[in-house]
Structure formats: C-alpha cells, structure tokens
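Observations on chain architecture
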Amino acid sequence: MDIRSLEKSKKFGYLFFVSYSGKSFDCFDEMKGKKSVKGSFKDTLLGLGITWSKGIQQAGRTDAGVSADENLFYISSNFNGDLEKLRDDFNKVSQGVKVLKIEKTLSDLVIPDLIKGREYHYFYPKSKTNRSKDELEQVCIEISGTYDVSEFTDYKGKLLKEKVRSVEVGYEGEKLIFKGNSFMPKQVRIMSGYVFSGEKKIFPAKYLVLHKVVLSDELENSIFERVSGIDIENVVKIEKVGDIHIFYVLKEKKGEFIGKRGKNIKKLRKEYGDIVVRTID
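Now for a look at the structure at hand. (Residues numbered from 1 in each chain as written. Predicted model: local features only at pLDDT ≥ 70, side-chain atom pairs only at ≥ 80, totals over all residues. Heavy atoms only, no water.)

**Topic: the packing of aromatic side chains**
Definition in use: Aromatic contacts are taken between Phe, Tyr and Trp rings whose centres are within 6.5 Å, Trp giving its six-membered ring; a plane angle under 30 degrees counts as stacked, one over 60 as edge-to-face, and the others as tilted. Secondary structure elements follow DSSP: runs of H or I of four or more residues count as helices, runs of E of two or more count as strands, with numbering from the N terminus. The rule is simple: take the accessible area with a 1.4 Å probe, protein chains only, and divide by the maximum for that residue type; under 20% is buried, over 50% is exposed, in between is partly exposed.
Taken as a whole and assessed by the stated rule, the structure comprises 19 aromatic pairs. For the pair Tyr14 and Phe79, a centre-to-centre distance of 5.7 Å together with 65° between the ring planes defines the contact as edge-to-face. Of the two residues, Tyr14 sits in strand S1 (residues 12-20) while Phe79 sits in the loop between strand S3 (67-77) and helix H3 (83-93), which places them 65 residues apart along the sequence. The class for Tyr14 is buried, based on a relative accessible area of 2%. Consider the rings of Tyr122 and Tyr124, whose centres lie 6.1 Å apart with planes at 35°: the pair is tilted. Residue Tyr124 is classed as buried on the basis of its relative accessible area of 10%.

**Points about the nonpolar core**
Here is the rule we go by: What makes a nonpolar core is a set of buried Ala, Val, Leu, Ile, Met, Phe, Trp, Tyr and Cys residues whose side-chain atoms join them at distances within 4.5 Å. Here a residue-residue contact requires only that any non-hydrogen atoms of the pair lie within 4.5 Å.
One finds Leu15, Phe16, Phe41, Tyr122, Phe178 and Leu215 to be the most contacted residues of the largest nonpolar core, which totals 71 residues. Looking at this core element by element, the count peaks at seven residues for S1. Beyond its immediate stretch of four places on either side in the chain, Leu15 contacts Leu72, Phe73, Tyr74, Lys101, Ile102, Glu103, Thr105, Ile111, Leu215, Leu219 and Ile223. Within the second largest apolar cluster, twelve residues are counted, among which are Val227, Val235, Ile265 and Leu268.

Okay, structure coming up:
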C-alpha cells in the first residue's frame, strides 16, 4: 500500500453493494433508449450531486432479465460524507436499484481483478423437469471442475481467448447453485438448461439470480474501518486501512496537531505505526 499516494490524493474509492430485479430493466450496460441497471445507478448518483473519475466499475455484468441479490458498483470520488445518509438518500429516489451498503476503500482500484468469486442461483420449478433429484445431482457433478467450458457459451463466448473456467455446481431444493471465479457469457443459463433438460440451450433469464460476490483478500484489506475508543486532542475521527491509521483534523488545527518539527506525530507513530493526516473543513 502506497502511503504517499494516500496522503496526497483527495479521492477515495467506494464500493456500493446493490440489489435489483431483472424484470425492471431492459439491460445491464447503458444503451440508448433502454432502461439499464448501470444507467439507473449512474443517474441516481448524479442526481444526488455525486461525481467520480474514470467511470463506474462493476463486479459482474448480468444478462437482461437477470436479478441480483448482491452485485457491486465501484467509483473513485472526492466525496467524503456520511455513507449511511448517502445510502438512504439513494434508496429514496432510486428507480429499481437498491443500495444495501457502501464501503469506503482506496481509490483507483481495478475491481474485476479483485473479485475472488461469484455465486449464482438458478431457481427452476421442479414441475418443469422430468429428471429426479439423483439425476440432477449427478449432472451437477459431471459439469463441475476446471476445464474448457466453451460448449456452454454463446457465439460471443466462443470468440474469447480464455475458455477454461473453474465451476462448482450443486442442486439444493429447487435451485442450482453455481460457484466460480468467473463465467463465460450465458454459461450459467446454458448449464442450467443442460442439467434440467439434457440439452445445451439457453434457459430463461428470469430464473437466474446473482446471489453474491466474494471479495479477494486484497480488496478486503483496501476497505476503511472506523476506529473508536481513541481520544486524541484535535482529532475529529480516525479510520484504518490495512496497517495505516488516518487521522482527520480540522484544517486550522493541523499545525498544532503535528507539533513543532513533527514532535506529536513522531510520538503517535511509535504507538500506531504508519499514520496519514487528512484535514477537513
């Protein structure tokens, strides 16, 4: 972690954990004349006066009609306000995307590279398949593993260079559970079709849900946590990211806090290790 960049940058990163119903949108990415998940998220943030640099990233793109119990959007922004208030304000005016929580992180991260895994659920009515539970479970075992899964993708997926994926498939109740680090286009829906019907065809999007995303250790360690129970003169609040403590002080009190020739900071570093001092108005 580069402590100098953390000292100089005015930006922070923000992870928005969101949920949405696929039937409320025409697509995920922004398309002219279409209501999209990403476009709705973007417009709501802009309406609240939140701006960012380098665009909006996501943990995963979902097909048209696919819902999410949990997906992630990420921005790098100069915003440094109350996250619970931002969440509540967002949900009051949002058109279809609900923010579950917001985590403050380091800025300028590459989110797709920092997602360890994704879990999808495919809810298919038992009445629509003639296969027994034992048969369904056996096919799940058959298609689990690490291998070239291009037989379970569409024509766009077959054009991708990297075709090997790791996937674990299970059947529980009336749903299939897919766990993997990444998936090819339409892979989950085609695998679902194969499990329930024996044919490698794209099953309906309405039964598919992105249940959750799994963060890498690196991303987990990039999330800020609020530190309580430490009372230091002139410090308004304290946060920690990794092994670094961030002390927030009023701008007019910064010199007093640091002390002559950094005397106060030197003492604090002996107790808390690496320290970054940020000012607030």
